[in-house]
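# Understanding the architecture of this molecule
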Amino acid sequence: MKELQIKPNEAGQRFDKFLKKYLKEAPGNFIYKMLRKKNITLNGKKADGSEMLQKNDRVNLFFSNETLLKFHGTEQQYQPAASHKKNCTLSILYEDENIILADKPAGMLSQKAKPSDVSFNEIMIDYLVNHGKISIEDFSTFRPSVCNRLDRNTSGVISFGKTFAGVRMLSEGFREKRFQKYYLCVVGGVIRERTLIDGFLVRDEKINQVSVSAQPVGEEAAHIITEYVPVCDNGRVTFLKVRLHTGKTHQIRAHLAFIGHPLAGDFKYGDRKLNDEIRKKYGVRFQLLHAYELVIPDKNLNVTAPIPKEMMEVLTGEQLWESGKQEDLEALHWKI
């Protein structure tokens, strides 16, 4: 017999889903049969699998050691990721018992694209393991995860669920558009008015690129809405604060390029002449796009990530940011 006690990071999920993770080698009908025969119980009572698990619930598995080993399988291997990424410093902006909001540097994947990748997701798991906030054994029933992806070359606020409840809260909030996401960027051309624009976006998975049009093109076209307010311009480029009303792949980059204001440093959707000038003058390696602010009304939480050094060098060099200029401060603090 094996007794399990539900940990905080496992609470909030259905009992049958938990069992399918723990007994990952067992067929589904076996699990439901064991529930019916009371070979699996919850808090000493018969259960059907639909129950929502709470912290400290007791799960009893009345199996032989051989059966348990057969259906539980081997523990998921944990391989430290941070040690493979030199000079990687983790900047945590907010943390509670369920979630972490951190500042992702430009140049790092949010999640793996292939097995050999080291992504911010693995860096965060390293942090939890190294600080005793999760054990390797916990991976059999729950794996913490990044809940909003940023492009590799976009910096700023990224969210991470430490527990099942945290992952669910963040994922639902982004999906239901309850959270507000604001970005900072430098674009070509002059913008002087706050504007709300919409369009339609189609993604080409093969080349990881999107196209934007004023009208829907085909059934795959997704409606996008982007809003922005200018912070400052120098007659050649503009510093913008942008709010995403929808959150699609490359939305800000492609949408602003579509209306004639491509991001500086964006070598996929940008203007080559502007990019070459910015790179030559400031050594810019990435598009100047920063996930600056995340507002989570559910938790009365407003978190900002400091403007990265590379972007600040351009802002000051191009005279796009004067910290004492009142209208610029008001634009930077703009909310909807």
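Here, the structure is the one placed above.
Residue numbers here run from 1 along each chain, matching the order of that chain's written sequence. Confidence filtering applies because this is a predicted model: local features only for residues at pLDDT of at least 70, side-chain atom pairs given and counted only at 80 or more, and all residues used for totals across whole chains, interfaces and linings. Hydrogen atoms and water are omitted, and side-chain values are computed over all heavy atoms in the structure.

## Quick look at the overall build of the chain
In plain terms, the rule: A run of DSSP states H or I qualifies as a helix once it reaches four residues; a run of E qualifies as a strand once it reaches two. Both are numbered from the N-terminal end. Relative accessibility under 20% of the residue-type maximum defines a buried residue, over 50% an exposed one, and the middle range a partly exposed one, all with a 1.4 Å probe and only protein chains included. Here the accessible surface of atoms and residues is derived via Shrake-Rupley with a 1.4 Å probe, and residues count as covered only by protein chains that are part of the display.
Of the regular secondary structure elements, the chain holds 9 helices and 14 strands. Taken along the three principal axes of its C-alpha coordinates, the chain extends 75 × 45 × 40 Å. Sorting the 336 residues of the chain into buried and exposed places 51% on the buried side. Counting every atom, the chain has about 16900 Å² of accessible surface; 48% of that belongs to carbon and sulfur.

## Thoughts on a positive patch on the surface
Filter applied, for reference: A patch consists of residues whose relative accessible area exceeds 30% and which take part in no salt bridge; residues with like charges are grouped when within 9 Å of each other, and nonpolar side chains (Val, Leu, Ile, Met, Phe, Trp, Tyr) when within 5 Å. For this document, the term salt bridge refers to a Lys or Arg side-chain nitrogen within 4 Å of an Asp or Glu carboxyl oxygen. When charges are counted, Lys and Arg are positive and Asp and Glu negative, with His and the chain ends excluded. To locate a charge, take atom NZ for lysine, CZ for arginine, CG for aspartate or CD for glutamate.
Among the surface-exposed residues, Lys-33, Arg-36, Lys-37, Lys-38 and Lys-46 lie close enough to one another that they form a single positively charged patch. Note that Lys-33 resides in helix H2 (residues 28-36). By relative accessible area, Lys-33 is classed as partly exposed at 40%.

## What about the packing of aromatic side chains?
Applicable threshold: Paired rings are identified among Phe, Tyr and Trp, the last through its six-membered ring, by centres lying within 6.5 Å, and are further divided according to the angle between planes into stacked (under 30 degrees), edge-to-face (over 60) and tilted (the rest).
For the structure shown, the criterion picks out 5 aromatic pairs. Ring centres of Phe-18 and Tyr-22 lie 6.4 Å apart, and the angle between their planes is 10°; this geometry places the pair in the stacked category. Taken together, the residues Phe-18 and Tyr-22, both in helix H1 (residues 15-22) and 4 residues apart, mark about one turn of the helix. The exposure class of Phe-18 is buried, given its relative accessible area of 2%. When the centroid spacing of 5.0 Å and the interplanar angle of 80° are considered together, the rings of Phe-174 and Phe-179 count as edge-to-face. A single burial state applies to Phe-174 and to Phe-179, both of which are buried.

## Some thoughts on the sheet that holds strand S3 (residues 58-61)
The criterion, for reference: Note on pairing: DSSP must find at least two bridges between two strands before they are called paired. The axes used here are C-alpha line fits, helices contributing only the stretch in contact, and every angle between their N-to-C directions lies in the interval 0 to 180 degrees. Contact between two residues is taken to exist if any of their heavy atoms lie within 4.5 Å; hydrogens are not considered.
Pairing in this open sheet of 3 strands is antiparallel, and the strands run S1-S3-S2 from one edge to the other. Looking at the sheet topology across the chains shown, the edges are occupied by strand S1 (2-5) and strand S2 (40-42). Direction aside, neighbouring strands of the sheet carry axes that sit 15° apart on average. Looking at chain direction, S2 and S3 are connected through 3 bridges and run antiparallel. Of the residues in S3, the one forming a bridge with Thr-41 is Asn-60. Each of S1, S2 and S3 is contacted by H1, which is oriented at about 50° to S3, the strand it contacts most.

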